[in-house]
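Residue-level structural notes
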Amino acid sequence: MGAVACGGGGGGGGGGGGANDPGLFGSLSVFLPDSTNLEAEPNDTLAQAHQLGSLAAGRTLSVLGTVTQSGADMLDYFEVTVPERIQITANLNTISPSSDLDLYVFDPVSLSVVQPFATPSSSESGTFLAKGTVFLVVDAFNSDSDYELELVGAPIGATTPESEPNDSAPTGDYLGTIAPGESVTVTGDGAGGSSDFFLFSVPSGMTLNVDLSSSAGQDYDINVFDATSNLASPSLLGTFDSGPPNESGMVNGPGMTLFAFEVFPFGGATAPYSMQIATSATLVAGGATAPTQSRLPRASLAGYTAVTRDPVPLYESTKVPFRSVRGAIIVDYADGVERRAGRVLESDAALVGEIPGGPRKLALDVPAEFDDEEAARFALACAATLRGRSDVRYAELDPWMMPLALPQGGEVRPNDTFYNLQWHYEQIGLPIAWNTTTGSAAVRVCVLDTGSAPCSDLSDIGGIDTIADPQIAGDGNGVDSDPTDVGDGQGSQPSSFHGAHVAGTVGANTNNDYGVAGVSWQTTLMHARVLGIGGGSSFDIANGLLWSAGLANATGLVANPPADIANMSLGGPGFSQTFQDACTAAWNAGTVVIAAAGNENSSTPSFPAAYDNVISVAAVDFERNKAPYSNFHPTVDIAAPGGDVSVDRNGDGYADGVLSNKPDDSVSPTNFENFSFYQGTSMAAPHVAGVAALILAVDPNLNPDQVDSILRNTATDLGAAGRDNIYGEGLVNAAAAVQLAAGGGGGPVLALDTDAVLLEGAGTRRVGVSNAGTGALDVTSVTTSPPSATWLSATAVATGQAGTTDTSAIDVTANAIGLPSGNYAGTVLVDSNGGSRQIAVTLTVGASGPGTTFTVFVLAVDADTFDTRAQDVVQTSGSLAYGLGSLPPGRYVVVAGTDEDNDGLICDEGEPLCGLYPSINLATAIDLSDGQRVTGLDFPVQDTTGPAPASSDGQSGFRLLTRTPAADVAEGVRQ
C-alpha cells in the first residue's frame, strides 16, 4: 500500500462554501491499495531492500526506479510480503528500448535465486508462486535505465500444476514458504520421462508428510533434497520408492531449510500424478532429517551460471553491508497478538531482552562454523522469513553502532585554562549567548556514549549501563546502574573515552580556572553507557534512549526525572525499526534527540541521525566549510563545529580539532586530567545539544518541536541559499537561538513544516507556516520558479484564527495535464518580514497505473445518531481539500471513504478506502458552535478491512446524502 498524494485543504468540493463560511474544513492524505511507489535508496543490497508492502490476489504493486550499468546502483532490491500463496506475474519494463535489465526472485530462507527472468531484451516478464516473504532484484545488464516493475497477484486453485521446465533443482517450481498445519498439492505428468522438481522454504521446524498418487498406476519415486546451501548441487536426504501406484513418506525439517522434492518417473512414466505435502509442528521420530550443518547459504548462485549473466555482483549484493550483532534479531508482534516467550524459530532462539509492550531481542542458534558474514546472512534470512508472518509487525537485524569521532590530532596536557584553544565556541556566537544565560541545572542532558569518567572538569549525576553482553561491556557484567567508562582499548590501542569528550563539550565545568569550557555551564549531565569494546548494539542504544526519556525499556529502569536532551554521537548504516520507534517515543515524551550525521563523506544515510524525530548534525571546519569527512544527506538538519585535525588554519600551533576532556590510559595509572583534540560529527552534535540546553534554560516550557524550530530558524545559512544537504539549515547560532527563546526583540522568523514536497500525478500539498520568532509575521509573496514550471502553482492560505501570522499555510499544487511521463522539479519561494524560505517540489507523472483514481466522499456525521448532515466529494487524482459547510451546531465525526459498490454507504465491507478524523482507530468528535469555522481537520484515508461503526439504520458503514454526477463521471473514468 503506497502513498500517492497528500492533499491540500481549506475549501473546495461540493460543500466547501466561501472562505469565511462556518463548518468543518480540512484535507485528506490518500493511501491507495494499487499505487506506484518510487524506489527508496539505498536499496542496492538484500539487507537494505525497499519494502513494498503486502501483495494479495487481485492486487497490484508497482515501483519506478533507476539502475546503472556501473557504479554503486547496479542493483535494486525489493521485499514483498505475501500473506496467502498466490501466483505473481512480474513485468519489468525499461524506459529506454535499448536497455537490457534483468529480474531475479530470491528465496528468503536460503537467499538463493529461485526464478531468473534474464533474457537479452528491454523487458522481462513471467510468473512465479510465492507465500510469506519474497525478494526481487532489478539488475542493470548493459546500460543505465529508468524502469517500472509491476507485480500482479492472482489466486491459485486447490492444486498447483507444474510449470515446465522444472527438470532440475535450479529450475524447479518455487512454491514459497510453508507453515505448520498447512498442506499444498501439486500435479504433473512426468512428460518426456524427465523429473519434476518443486521447491519449498521451511522457516521453522516441522514434519513434512508426503503422499503421491497416480491414477494410471504409474511408478513414481520421490527424492528429498536439502538445497539451502547450494541449489545447483543439493544434498540428498532420503528417497521414497516403495512402488506404484502410491508413494508416501515423512521428512523432519529444521527451520531455515530450502527443500527440493524431485518426482522421478521410474521407467519413463508419463501418466498424471498428484503429490500432497502436509505439515505438522511436531517432529516425528524416524523421519528423514535435514542436517543442520547444511544451512550455509554460501554458494547460492552456483546453479545459475548458465542463465545468470553476471552472478558475482548478485552474490556480493546478498552480503550484509553493515555490521550487526552476531546471531541477533529483533522482533515485534502485531497489535493484539499474544507475545511469544522464546521459540520463534525451530532454532530455539533465546530471549535476550524485551522492551515492555514492544520488541524482543532474540539470539539465534547460529552454527559455530559460520564466519561473521555467514552469520549475518543467516540472521538476515531468519528476519526476512519472520516478516512474512501475519503476527509479526517487523523483524530486523541489530545494527552495530560506533562512536563518530575520527582519529585525534595534537594533544595538550593541561595546567591552566584552555578556552583560548576552543575556537569553535566563538564560531557559533557563544560569548554573546552567555550574556543572556550560561545554562541551568534544571536542564538535564543525557550523553549516550561510552560512559562517564572521573575527570575533575566534569560533574554528572550518574546514569545507566545498558550494554547487555559482558564481553562488549568489559566491566564483568551486563546491564547495571553504573555508567562508568572502563575503557574500550584493545591491545596497544588506548581507550577512546569518547563519552567524556562529548560530555565536556556539552557541559564541562566552566569559569573555574581549569581545563576547558562547556557550551552550557550549568547543565546537569547524565550518562547512558551504550558503547563498549568495538561499539554497541542498536537494541542496547535504543533502550538507553528510552531510559533517558523516562520510558519503559528492557532494563526495567527509567531515569527519574528524565532527560530534556539526548545526545548520540554515534552511528552506522543499518536501519532499525526498534531504534526508530525509540527515537519517536523519546521525542514525543519531551526529550530533544540529537545525533551525529556520520563521518563517511557520503550521501548514504547514517543512523540514528537519519531517523525521524532526530536532529541530524553535520560538521564544519575552522573556516565554516564542510569538514572533509562530514556526511551530506537530505536528513541533515543543521551544522556545527566538528574540526579538522589535519590542518592548523588559525595558527595557534595546534591542530584545528575540537578540544575537550579525554582521559589517557596509555599510561598507568590512567590520567583522567587529560585533554585532547578530536574531530568528527561526534564533536559537532554536542555543540547543538549544549545550545539546546541554553534554549531550555531560557524557556523550560518549550517542547522538542519548538526547540528544533528555534535551532533551524536561527541557523546561519551556509553554502547554497536556503537549506541544503551539506549544512542543513546552516551553522547553529547560539546567540540568535538564545535571543529568540528569550523573546528578546528578535522579530518574526518564518518557519515551514517541510521544505520538500513530492507529488505523484497531480494534487495539492499543504505546507504549514509558523512564526518561530516574536512579533507579527507578514507573508509578503509566494512565487514559483523556474518560469518553465507552468505545472506548478502556490497560494497562501489565510489563517482562520487570531495569532501572530497572517498566513497559516501554503498550498502547493501540481497540474499534470499534457505533461509526458517523467519527473519534474520546481521551487516555491515564500517571502516575509521574517525572512524567506524555499520549498523544493518534485512532480512525478505517469507513476499511477489503472484503477488508482477514486471518488472519495467526505461526510459530517452526527456523533450521537450517526446520521449524515453534510457531504463533500473529492477525487484522488485532484485536490484533496474538502469543506463541510452550512452545519447547525452539534457534535460531529468526520468520515471519508469510497462507494465503489454503489450501495450508498462508505466504509462498509469491501471498500478500498476509508478514514475517520484524526485516524481510523481513534475517531474524535468535533464540537461545532453556531457560526464557528473549524479548519485543519486533516486525516488519512487508506485501504482497510477492519469493521466500521454502524450507521443509524443498523447497516455497517456511513450513509451518503446522494451520489453526485461528479462521482458518476469518475466511475466512467476508471472504466
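Parameters and conventions
- Residues numbered from 1 in each chain as written.
- Predicted model: local features only at pLDDT ≥ 70, side-chain atom pairs only at ≥ 80, totals over all residues.
- Heavy atoms only, no water.
- Helix = DSSP H or I, 4+ residues; strand = E, 2+ residues; numbered from the N terminus.
- Contact = heavy atoms within 4.5 Å.
- Areas by Shrake-Rupley, 256 points an atom, 1.4 Å probe, with all protein chains shown as cover.
- Polar contact = N/O pair within 3.5 Å; in protein donor to acceptor, adjacent residues only side chain to side chain.
- Phe/Tyr/Trp six-rings, centres within 6.5 Å; stacked < 30°, edge-to-face > 60°.
- Lys NZ or Arg CZ within 6 Å of the ring centre and 35° of its normal.
- Pairing = 2+ DSSP bridges.
- Axes fitted to C-alpha atoms, helices over the stretch in contact; angles between N-to-C directions.
- Buried < 20%, exposed > 50% of the residue type's maximum accessible area, 1.4 Å probe, protein only.
- Core = buried A, V, L, I, M, F, W, Y, C linked by side-chain atoms within 4.5 Å.
- Salt bridge = Lys/Arg side-chain N within 4 Å of Asp/Glu carboxyl O.
- Left-handed = near helix turned anticlockwise from the far one by under 90°.
- Nonpolar A, V, L, I, M, F, W, Y, C, P; charged D, E, K, R; others polar.
- Parallel < 35°, antiparallel > 145°, perpendicular 65-115°, else oblique.
- pLDDT = per-residue confidence, 0-100.

Moving on, we come to the overall build of the chain. Counting its regular elements, the chain contains 12 helices and 55 strands. Restricting to contacts in the chain with at least 6 residues of sequence separation, those with at least 24 account for 75%. As displayed, the chain offers around 34900 Å² of accessible surface, 50% of which is attributable to carbon and sulfur atoms.

Residue position: T177 is located in strand β12 (residues 173–177). Measuring from C-alpha to C-alpha, the distance between T177 and L258 comes to 8.8 Å, with 81 residues separating the pair along the chain. Sequence-distant contacts of T177, that is, excluding residues within four places in its chain, are made with R85, K131, G132, E182, S201 and P203. Side-chain polar atoms of T177 contact the backbone oxygen of K131, separated by 3.0 Å.

Looking now at the side chain of N567. In this structure, N567 sits in strand β31 (residues 565–568). Not counting chain neighbours up to four residues away, the residues in contact with N567 comprise C446, V447, L448, V502, I594, A685, P686 and A689.

What follows deals with the packing of aromatic side chains. Counting across every chain of the model gives 21 aromatic pairs. Judged by centre distance (6.2 Å) and plane angle (35°), the ring pair of F197 and F225 falls under tilted. Of this pair, F197 sits in strand β14 (residues 196–202) while F225 is found in strand β16 (residues 220–226), placing the two residues 28 residues apart along the sequence. Between W434 and W521, the aromatic rings sit 5.1 Å apart at their centres with planes inclined by 55°, giving tilted as the arrangement. Here W521 lies in the loop between α6 (498–507) and β29 (524–529) and W434 lies in helix α4 (residues 430–434), a separation of 87 residues in the sequence. A cation over an aromatic ring shows up here: R933 above the ring of F25, its NZ or CZ 3.9 Å from the ring centre.

The sheet built from 5 strands is open, its strands ordered β12-β14-β19-β16-β17 with mixed pairing. The sheet is open, and its two borders are formed by β12 and β17 (235–240), each paired with just one other strand. If you compare each strand with its neighbour and ignore which way they point, the axes differ by 20° on average. The pairing of β16 with strand β19 (residues 257–265) spans 7 bridges and is antiparallel. In the sheet register, F225 faces β19, and the bridge partner there is A260.

In this structure, L421 sits in the loop between β26 (411–412) and α3 (423–427). Overall, the relative accessible area of 5% leaves L421 in the buried class. Sequence-wise, L421 and V658 are 237 residues apart; in three dimensions their C-alpha atoms are separated by 8.6 Å.

Core analysis: the biggest nonpolar cluster contains 103 residues, and L545, I565, M568, I594 and L711 have the highest contact counts within it. When residues in this core are grouped by element, the largest group, 11 residues, is from helix α9 (residues 681–698). Beyond its immediate sequence surroundings of up to four residues, I565 is in contact with V443, R444, V445, C446, T591, V592, I594, A689, A692, A693 and L696. Counting residues in each nonpolar core, the second largest holds 37 residues, with L362, L364, F378 and L397 among its members.

As a further point, take the pattern of salt bridges. Applying the stated rule across the entire model yields 18 salt bridges. With a shortest N-O distance of 2.9 Å, R712 and D708 are connected by a salt bridge. Residue R712 and its partner D708 are both found in helix α10 (residues 704–713); the two are separated by 4 residues, about one turn of the helix. Accessibility expressed as a relative area gives 24% for R712, which makes it partly exposed. Linking R891 and D864 is a salt bridge whose minimum nitrogen-to-oxygen distance equals 3.5 Å. Of this pair, R891 sits in strand β49 (residues 890–897) while D864 sits in the loop between β46 (855–862) and β47 (868–875); the two residues are 27 residues apart in sequence, bridging distant segments of the chain. One network of salt bridges, with partners in common, ties together R85, K131 and E182.

This next bit is on the packing of α9 against α10. Two numbers describe how α9 lies on α10: the axes approach to 10 Å, and their chain directions differ by 115°. The handedness of the crossing between α9 and α10 comes out as right-handed. Across the interface between the two elements, V688, V691, A692, I695 and L696 of α9 pack against V707, I710 and L711 of α10. For the contact of α9 with α10, a count of residues per class yields 8 nonpolar, no polar and no charged.

Our next topic: α6. Among the 10 residues that make up α6, 10 are buried, leaving the element largely enclosed by the rest of the structure. Of all the residues in α6, the buried ones are H498, G499, A500, H501, V502, A503, G504, T505, V506 and G507.

This paragraph deals with unusual backbone geometry. The residue after F607, namely P608, is reached through a cis peptide bond having omega 15°. When you line up the elements, P608 lands in the loop between β33 (592–596) and β34 (615–620). In this structure, the amide linkage connecting S785 to the following residue, P786, adopts the cis form with an omega of -5°. For P786, the location among the structural elements is in the loop between β41 (779–785) and β42 (792–798). Notably, S886 is not glycine yet its phi reads approximately 55°, a positive angle. Following the sequence through the fold, S886 ends up in the loop between β48 (881–885) and β49.

A separate point is the sheet that holds β33. With respect to topology, 7 strands assemble into an open sheet ordered β28-β29-β27-β31-β33-β34-β35, the strand pairing being parallel. One side of each edge strand has no neighbouring strand; the edge strands of this open sheet are β28 (463–465) and β35 (638–641). When the angles between neighbouring strand axes are averaged without regard to direction, this sheet yields 25°. Bridging between strand β27 (residues 444–449) and β29 involves 6 bridges; their strand directions are parallel. Residue R444 lies in a different strand from β29, and its bridge partner there is T524. Here α6 sits on the sheet and contacts β27, β29 and β31; the angle it forms with β27, its principal contact strand, is near 155°.

Turning to the packing of α9 against helix α11 (residues 734–742), a few remarks are in order. Put simply, α9 and α11 touch, their axes get as near as 8 Å, and they point 20° apart. The angle between the axes of α9 and α11 places the two elements in the roughly parallel class. Between α9 and α11 the crossing geometry is right-handed. Between α9, through V691, L694, I695 and V698, and α11, the contact on the second element is made entirely by A734, A737, V738, A741 and A742. When the residues that make up the contact of α9 with α11 are grouped by side-chain class, the tally is 9 nonpolar, no polar and no charged.

Attention now moves to the environment of S54. Relative to the helices and strands, S54 resides in strand β4 (residues 50–54). A relative accessible area of 40% places S54 in the partly exposed class. With sequence-adjacent residues up to four places away left out, S54 is seen in contact with L61, T81 and P83.

A separate point is α10. Taken across its 10 residues, α10 has 7 buried, putting it largely inside the fold. Among the residues of α10, those classed as buried are P704, V707, D708, S709, I710, L711 and N713. Its side-chain oxygen at 3.1 Å from the backbone nitrogen of D705, N703 defines the N-terminal cap of α10.

In this section: the pairing of β34. With 6 of 6 residues buried, β34 lies mostly within the body of the structure. Burial of β34 is two-sided: the residues I615, V617 and A619 facing one way and the residues S616, A618 and V620 facing the other way are all buried. In this structure, β33 lies alongside β34, joined through 3 bridges in parallel fashion. Counterpart to A595 in the pairing with β34 is S616.

Should pLDDT be low for a region, the predicted coordinates there are not to be read in detail. Across the chain, pLDDT averages 81, with 83% of residues at or above 70. Within the model, pLDDT remains below 50 along residues 407–416, and this stretch shows 32 contacts once partners closer than five positions in the same chain are excluded. Taken as a whole, residues 800–804 scores under 50 in pLDDT and shows 4 contacts with residues more than four places along the chain or in a different chain.

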